[in-house]
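Geometric and topological summary
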Amino acid sequence: MLETTIDYFQQHLEQELFRCLDCHDVLRIKCPQGEDFVVLAAQDWRAIEETLFLKQVPGLVESIHQAAQEPLEQGTLLKDLKW
């Protein structure tokens, strides 16, 4: 997670936003007056939402883990594939 202060963020808004977009990382903004906040790209937020949604499907995560252990036709485990 990237971090910066609210003052720096205000002075370098565009630069900091593009840093988030380029790195696909969360930017934590430290605020001295209260709660910190985070900035992340919409695409990254959609990926988080999708993951949270899929985790709600009963048995899906376990099914994926189980399927990853099953050998492919050539006898290669999914975890051994070079992605």
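This text goes with the structure placed above it.
Remarks on the pattern of salt bridges
- Tallied over the full model, the rule gives four salt bridges.
- Arg-28 serves as the salt-bridge partner of Asp-36, at 2.6 Å between the closest nitrogen and oxygen.
- Assessed through its relative accessible area of 29%, Arg-28 is described here as partly exposed.
- A single network of salt bridges, built from pairs that share partners, joins Glu-3, Arg-28, Lys-30 and Asp-36.

Side note on the nonpolar core
- Within the largest apolar cluster, eight residues are counted, these being Leu-2, Ile-6, Phe-9, Cys-20, Leu-27, Ile-29, Cys-31 and Val-39.
- Contributions of two or more residues to this core are made by helix H1 (6-11) and strand S2 (27-30).
- When sequence neighbours within four positions are dropped, the list of residues in contact with Leu-27 reads Leu-2, Glu-3, Thr-4, Phe-9, Glu-16, Arg-19, Cys-20, Phe-37, Val-38 and Val-39.

Procedures and definitions
Residues numbered from 1 in each chain as written. Predicted model: local features only at pLDDT ≥ 70, side-chain atom pairs only at ≥ 80, totals over all residues. Heavy atoms only, no water. Salt bridge = Lys/Arg side-chain N within 4 Å of Asp/Glu carboxyl O. Buried < 20%, exposed > 50% of the residue type's maximum accessible area, 1.4 Å probe, protein only. Core = buried A, V, L, I, M, F, W, Y, C linked by side-chain atoms within 4.5 Å. Helix = DSSP H or I, 4+ residues; strand = E, 2+ residues; numbered from the N terminus. Contact = heavy atoms within 4.5 Å.

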